[in-house]
2 protein chains.
Amino acid sequence: MNLRIPGPTPCPEEVLHAVGKQMINHRGPEFCELLTKITGQLKDLFQTKNDVFVLTCSGTGAMEAAVVNTLSPGDRVLGVSIGVFGERFAQIAETYGADVKRLDFEWGTAADPEAVRGALAADPAIKAVLVTHNETSTGVTNDLGALSRVVKEFGKLLLVDAISSIGSIDLPVDKWGCDVVVTGSQKGWMVPPGLAMVSVSAKAWDAYAAAKIPRFYMDFGKAKSYLEKGQTPWTPAVSIVYGLAVALDLMQAEGWTNIIARHGRLGAFTRSGVKGLGLSLYADEKYASNTVTAVNVPPGVDGKKLLRMMREEKGVVLSGGQSRLDGKIFRVGHLGYCHEPEIANVVETLREYLPKAKANS
Amino acid sequence: MNLRIPGPTPCPEEVLHAVGKQMINHRGPEFCELLTKITGQLKDLFQTKNDVFVLTCSGTGAMEAAVVNTLSPGDRVLGVSIGVFGERFAQIAETYGADVKRLDFEWGTAADPEAVRGALAADPAIKAVLVTHNETSTGVTNDLGALSRVVKEFGKLLLVDAISSIGSIDLPVDKWGCDVVVTGSQKGWMVPPGLAMVSVSAKAWDAYAAAKIPRFYMDFGKAKSYLEKGQTPWTPAVSIVYGLAVALDLMQAEGWTNIIARHGRLGAFTRSGVKGLGLSLYADEKYASNTVTAVNVPPGVDGKKLLRMMREEKGVVLSGGQSRLDGKIFRVGHLGYCHEPEIANVVETLREYLPKAKANS
């Protein structure tokens, strides 16, 4: 199978071998050593001196954690959205009582830092800004460096959904002043789903101290106090921690700049491959993501039939469009454990099946 | 290693083999089939026609889910507690704004149904009752059948922490009218941690419709709407789902009555084994748990040293006491993938190391 969705991503054999290991005591010395080691490695890859915690939940759970640990009901929040996941971040904040001002950009484009500046200047009550680094639903990577500079000019709290970016795309957390950054194990980390990783800045801790949204399972304060003894407050997904430990060693061996460069090559290779088939990208190419490529379903092709045939007949698994893009685009994931041959296989399979997946036939 | 803590519990080889399998699309047909199958099997083992959901979190996360999906801030709740986990359930409800009336029983004893009756009669405003079925911290199993009869006499909502009971100890969810029942994969289910399983009754759905505590990641309504298409709302811990599928087949093959009987035998075997060493049980033996046995550290023995020596020198891993029982008891887990030889090994190792683990030596 060639699993080319934006997550879960395929795992290296060494990772799967580790994931299948027998249980240990999550309160014992062996687990303590493991958690302490991976926390340090994660800090390196997050390029941060901030606290980093491993939570047992999906990326969405970690987005919720970012919100409930830093905000109070009624807090004015700017929700910058360029797609499904930006909208989800805003919805989570609204669910917990934040007063969310939406700043939506046309899907397929990136957020405009000047528009963010305008929104912040117009509404001094805004306390925090929610931003998606890489929007999986549209295949767009925001210019988070530029966005964060604007947010920091105004001294606002910056909560970042980096679920499908960090680990694959450069995100220097401290340099950019990102206060909470969240990701999920099943993305660029080459590990099965089940864990989320979050970084928490000093400014985020100040917000935490004042934040009144209730929290228990996702409580950063509990995570911090347990991490001091090399533990998590609640029983963690031990198997996935095993896998993450191996994956982080693999990432360290490859080297961070090499990982970013590889994803850059894979993004370009995917885009040129699909364009070579006469297909068009959904995203504005200036901001096209190096972890997931969204492709317009061409006229006369049934996008769902295309994906079904490729999956059933060739074992090539792509994702469809989400929400209002359902049936209109398909998406190719190229993050984590991915190299050129898998993408070449996707392109060749598309070449074969695009003519076979005619609409109304 | 002989891992004899109350969870994570050891997993059978077949389960670990499945846990180590490669990723698939969690929105594809293969995962849909898997989730649909295990949901049906879980309903059988929960002895329920209620909805059953698989969440990606620990058991504590599922306790939180029980609270946030059924209660509103200010709701009067009776928190029946016989130890650390009963206290945790009450704390979660309080964190989310419930007005919790504590009904604490002496640790080591079970909750008295007549006292629950008295509390409910005295305070008609109580809307829901929180009960721990099996209290892992003290090794006591509440008489949940009797407790549920009282709660149902008064027509109250019954939220049950069955984390370390269901799957090992009989809990006929529908017969006893339990409205929300939560458990964790790393207990009797013989699967690594990372998943929680919950059942939700019609009465709990009525409470859900009125409940005002905010929820997003843990939202039962979202879980229900996605389960209709064989999915979870957020990316699930796929590896642990693989493992659970195999474990449920193993449990089905063993048979539910055989599983309960085996845990009954293991509980009795453990109790007689430690008593044969001259040790005393922490729990009132009438209510001693068949999944975990709490043993008093005898005078003159350093409980921490005992556990450390057994672990380091013999690979026998037991748990210490939690909270105010730290250093005063140790606990032997005998739930899930456990048989007499592992317990005999614990007893023999205790026999050898009790004299070696003298206090102040």
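All values reported here derive from a predicted model rather than from experimental measurement.

Basis of the calculations
- Sequence order sets the numbering: in each chain, residues are counted from 1 along the sequence as written.
- Throughout, the order in which chains and ligands are written sets their labels, letters from A for the former and numbers from 1 for the latter.
- Local features in this predicted model are restricted to residues whose pLDDT is 70 or higher, and side-chain atom pairs enter the listing and the counts only when it is 80 or higher, whereas totals over whole chains, interfaces and linings include all residues.
- The helix count covers DSSP runs of H or I at least four residues long, the strand count covers runs of E at least two residues long, and both are numbered beginning at the N terminus.
- What the globule rule says is 2.2 Å times the number of residues to the power 0.38, and the radius of gyration is computed from C-alpha atoms.
- Each residue is classified by how many other C-beta atoms fall within 10 Å of its C-beta atom, where C-beta atoms are placed from the backbone; a count of 20 or more means buried, 12 or fewer means exposed, and values in between mean partly exposed.
- In this description, a residue-residue contact is defined by the distance between C-beta atoms placed from the backbone, which must lie within 7 Å.
- To superpose the copies, least squares is applied to the C-alpha atoms of every residue with a pLDDT of at least 70 in both.
- Per the annotation, domain bounds derive from an automatic or database assignment of domains.
- For this classification, the nonpolar set comprises Ala, Val, Leu, Ile, Met, Phe, Trp, Tyr, Cys and Pro, the charged set comprises Asp, Glu, Lys and Arg, and every other residue, Gly included, is treated as polar.
- By our criterion, buried Ala, Val, Leu, Ile, Met, Phe, Trp, Tyr and Cys residues that link up through C-beta atoms within 7 Å make up a nonpolar core.
- At least two bridges found by DSSP between two strands is the condition for calling them paired.
- All axes here are fitted lines through C-alpha atoms, helices being fitted over the stretch that makes contact, and every angle between N-to-C directions spans 0 to 180 degrees.
- An angle below 35 degrees is read as roughly parallel, one above 145 as roughly antiparallel, one from 65 to 115 as roughly perpendicular, and any other as oblique.
- Helix crossings fall into two classes, left-handed where the near helix is turned counterclockwise from the far one by less than a right angle and right-handed where it is turned clockwise.
- The span one expects for a helix is its residue count, reduced by one, times 1.5 Å.
- Each C-beta atom gives one direction from the helix axis, and the arc is the one those directions make.

## A short note on the overall build of chain A
Within chain A, the regular secondary structure consists of 13 helices and 14 strands. Relative to the compact-globule value of 21 Å for 361 residues, chain A shows a C-alpha radius of gyration of 20 Å, a close match. C-alpha atoms of chain A, sized along the principal axes, occupy 60 × 55 × 35 Å. Taken across its 361 residues, chain A has 57% of its residues classed as buried. In chain A, 73% of the contacts between residues at least 6 apart in sequence involve partners at least 24 apart.

## As for the relation of the copies chain A and chain B
When chain A is fitted to chain B, the residual RMSD is 0.0 Å, and the transformation amounts to a turn of 180° plus an axial shift of 0.0 Å. Such a turn and shift between the copies fits a two-fold axis. Within chain A, the C-alpha atom positioned nearest to the axis of rotation is that of Gly-20 of chain A, 2.1 Å from it. A shared binding surface is used by both copies, with 100% of the interface residues of chain A retained as interface residues in chain B.

## Considering the domain arrangement of chain A
For an interface, size is often stated in terms of accessible area lost upon the parts coming together. All names here are of chain A. Per the domain assignment, the segments making up chain A are domain 1 (13-253) and domain 2 (255-353). The centre of domain 1, based on its C-alpha atoms, is set 26 Å off from the matching centre of domain 2. With 22 residues of domain 1 at the interface, the matching set in domain 2 holds 22 residues. Here the residues of the side of domain 1 that touches domain 2 are counted per class, giving eight nonpolar, 12 polar and two charged.

## Some details on the nonpolar core
Judged by nonpolar contacts, the single largest core of 250 residues is most densely connected at Val-198 of chain A together with Val-198 of chain B. Setting aside residues up to four positions removed in sequence, Val-198 of chain A forms contacts with Val-52, Phe-53, Leu-55, Ala-62, Ala-65, Ala-66, Val-180, Val-181 and Val-182 of chain A.

## Some remarks on the pairing of strand β11 (residues 292-296) of chain A
Residue and element names in this part refer to chain A. Among the five residues in β11, four count as buried, and that is most of the element. Here β11 pairs with strand β14 (residues 329-333) via five bridges, running antiparallel. Within β14, the position partnered with Val-295 by the bridge is Phe-330.

## A closer look at the interface of chain A and chain B
Counting from both sides, the interface comprises 44 residues of chain A and, opposite them, 44 residues of chain B. Counting residues per element, the ones that place at least two in the side of chain A that touches chain B are α1 (13-19), α3 (59-68), α4 (84-95) and α10 (238-254) of chain A. The dominant element in the side of chain A that touches chain B, judged by the number of residues it contributes, is α3 of chain A, at four residues. Its residues assigned to classes, the side of chain A that touches chain B comprises 23 nonpolar, 20 polar and one charged.

## Notes on the sheet that holds strand β9 (residues 180-184) of chain B
Residue and element names in this part refer to chain B. On the basis of which strands lie adjacent, the open sheet formed by seven strands has the order β2-β10-β9-β8-β5-β3-β4 and mixed pairing. Looking at strand neighbours, the two that pair on one side only are β2 (51-55) and β4 (99-104), the edges of this open sheet. Within this sheet the neighbouring strands show an average axis-to-axis angle of 20°, counted without direction. Against the sheet, helix α8 (residues 220-227) makes contact with β2 and β10 (196-200), and its axis sits at roughly 100° relative to β2, the strand it touches most.

## So, the packing of helix α11 (residues 256-276) of chain A against helix α13 (residues 340-353) of chain A
Two measures define how a pair of helices packs: the angle their axes make with one another and the distance between the axes. All names here are of chain A. Two elements in contact, α11 and α13, have axes whose closest approach is 10 Å; the angle formed by their N-to-C orientations is 15°. What the angle tells us is that α11 and α13 run roughly parallel. In the crossing of α11 with α13, the sense of the turn from one axis to the other is right-handed. Only Glu-340, Ile-343, Val-347 and Leu-350 of α13 make contact with α11, whose side of the interface consists of Leu-266, Phe-269, Thr-270, Gly-273 and Val-274.

## Brief notes about the sheet that holds strand β14 (residues 329-333) of chain B
Residue and element names in this part refer to chain B. Across the sheet, three strands lie side by side as β11-β14-β13; this open sheet has antiparallel pairing. Two strands lie at the open edges of the sheet, namely β11 (292-296) and β13 (319-320), each paired on one side alone. Of the strands in this sheet, β11 and β14 touch helix α10 (residues 256-276), which is tilted by about 15° from β11.

## Considering the environment of Val-346 of chain A
Residues and elements named next belong to chain A. For Val-346, the location among the structural elements is in helix α13. Val-346 sits in the buried class, given 24 other C-beta atoms within 10 Å. Separated by 77 residues in the primary sequence, Val-346 and Phe-269 place their C-alpha atoms 11 Å from one another. When residues no more than four places from it in sequence are discounted, the contact partners of Val-346 are Asn-2, Arg-4, Val-316 and Val-332.

## Thoughts on helix α2 (residues 29-46) of chain A
All names here are of chain A. If you check α2, its first and last C-alpha atoms are 26 Å apart, about what 18 residues at 1.5 Å a residue would give, namely 26 Å. Where α2 is concerned, the buried positions are Phe-31, Leu-35, Ile-38, Leu-42, Leu-45 and Phe-46. The buried residues of α2 occupy one face: seen down the axis, they fall within an arc of 85°. The exposed set on the far side of α2, more than 90 degrees from its buried face, consists of Glu-33 and Gly-40. Residues of α2 that are buried in the fold lie against β2 (51-56), α7 (173-176), β9 (180-184), β10 (195-200), α10 and α11. Positive phi shows up at Gln-47, right after α2, with a value of about 55°.

## Considerations on unusual backbone geometry
Excluding glycine, residues mostly carry a negative phi; peptide bonds, for their part, are mostly trans. Residues and elements named next belong to chain A. A cis amide bond, omega 0°, links Gly-7 with the succeeding residue Pro-8. Structurally, Pro-8 can be placed in the loop between β1 (2-3) and α1. Positive phi values are uncommon outside glycine, yet Gln-47 reaches one of about 55°. Structurally, the position occupied by Gln-47 is in the loop between α2 and β2. Overall, Gln-47 belongs to the partly exposed group, with 18 C-beta atoms counted inside 10 Å. The phi dihedral of Ser-323 is positive, around 55°, even though this residue is not glycine. Structurally, Ser-323 is set in the loop between β13 (319-320) and β14. According to the C-beta neighbour criterion, Ser-323 is exposed, with 11 such atoms within 10 Å.

## A closer look at the pairing of β10 of chain B
Residues and elements named next belong to chain B. Along β10, five of the five residues are buried, which leaves the element largely enclosed by surrounding structure. Where burial is concerned, the two faces of β10 agree: the one with Ala-196, Val-198 and Val-200 and the one with Met-197 and Ser-199 are both buried. Relative to β10, β2 runs antiparallel, the two being bridged by five bridges. The residue bridging Phe-53 from the neighbouring strand is Val-198, located in β10. Note that β9 and β10 share five bridges and pair antiparallel. Across the sheet, residue Thr-183 finds its bridge partner in β10, namely Met-197.

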